[in-house]
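Geometric and topological summary
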Amino acid sequence: MNVDKAKKRIAKQVKKGFNGYPKISIEYFGVSHDIAVEVVISFILEEGVEPQEQKFVSENDVREDETIQSTLVKIIERANASTVEEVDGVSFVK
């Protein structure tokens, strides 16, 4: 799947808003607001449960990495997520 198609599919899920659980959250991290070098995707099965997290790292912008974006789409689909949230912008690496 090309990167633009993957990003559109993620954006479409995000626009639906909160529809209950299971819930997926996506947050991008970088050393500046221009380039995200890692992404953390969190899965929450139900309210009050500790999230399961997976991190993907790249030397280039992960938002433009076809493999990572396609993987995020596959995780969302396989989790059968009712809600997908995405943190706006790029947070600074912890």
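A few points on the structure. (Residues numbered from 1 in each chain as written. Predicted model: local features only at pLDDT ≥ 70, side-chain atom pairs only at ≥ 80, totals over all residues. Heavy atoms only, no water.)

**Quick look at the packing of helix H1 (residues 3-15) against helix H2 (residues 66-79)**
Quick note on the threshold: Orientation is described by lines fitted to C-alpha atoms, with helices fitted over the stretch in contact, and by angles between N-to-C directions that extend from 0 to 180 degrees. Counting from the N terminus, the helices are DSSP H or I runs at least four residues long and the strands are E runs at least two residues long. Left-handed describes a crossing whose near helix is turned anticlockwise from the far helix through less than a right angle; right-handed describes the clockwise counterpart. The contact criterion used is simple: two residues touch if any of their non-hydrogen atoms lie within 4.5 Å. Under the grouping applied here, Gly and all other residues not named as nonpolar or charged are polar, the nonpolar ones being Ala, Val, Leu, Ile, Met, Phe, Trp, Tyr, Cys and Pro and the charged ones Asp, Glu, Lys and Arg.
Viewed as axis vectors pointing N to C, H1 and H2 meet at an angle of 35°, and their least axial separation amounts to 8 Å. Relative to H2, the crossing made by H1 is left-handed. Listed contacts from H2 to Val-3, Ala-6, Lys-7, Arg-9, Ile-10 and Gln-13 of H1 are Glu-66, Gln-69, Ser-70, Leu-72, Val-73, Ile-76 and Glu-77. For the contact of H1 with H2, the per-class residue count stands at six nonpolar, three polar and four charged.

**Side note on the environment of Asp-65**
Basically, it comes down to this: When a residue's accessible area, from a 1.4 Å probe over protein chains only, is under 20% of the maximum for its type it is buried; when over 50% it is exposed; and in between it is partly exposed.
Relative to the elements of secondary structure, Asp-65 occurs in the loop between strand S3 (52-57) and H2. Judged by relative accessible area, which is 22%, Asp-65 ranks as partly exposed. C-alpha separation for the pair Asp-65 and Val-90, spaced 25 residues apart in sequence, amounts to 15 Å. For Asp-65, the contacting residues outside a window of four places in its chain are Val-3 and Ser-58.

**Details of the environment of Val-57**
Along the polypeptide, Val-57 turns up in strand S3. Taking relative accessible area as the criterion, Val-57 reaches 57% and is therefore assigned exposed. Spatially, the C-alpha atoms of Val-57 and Val-37 are 5.8 Å apart, while their sequence positions differ by 20 residues.

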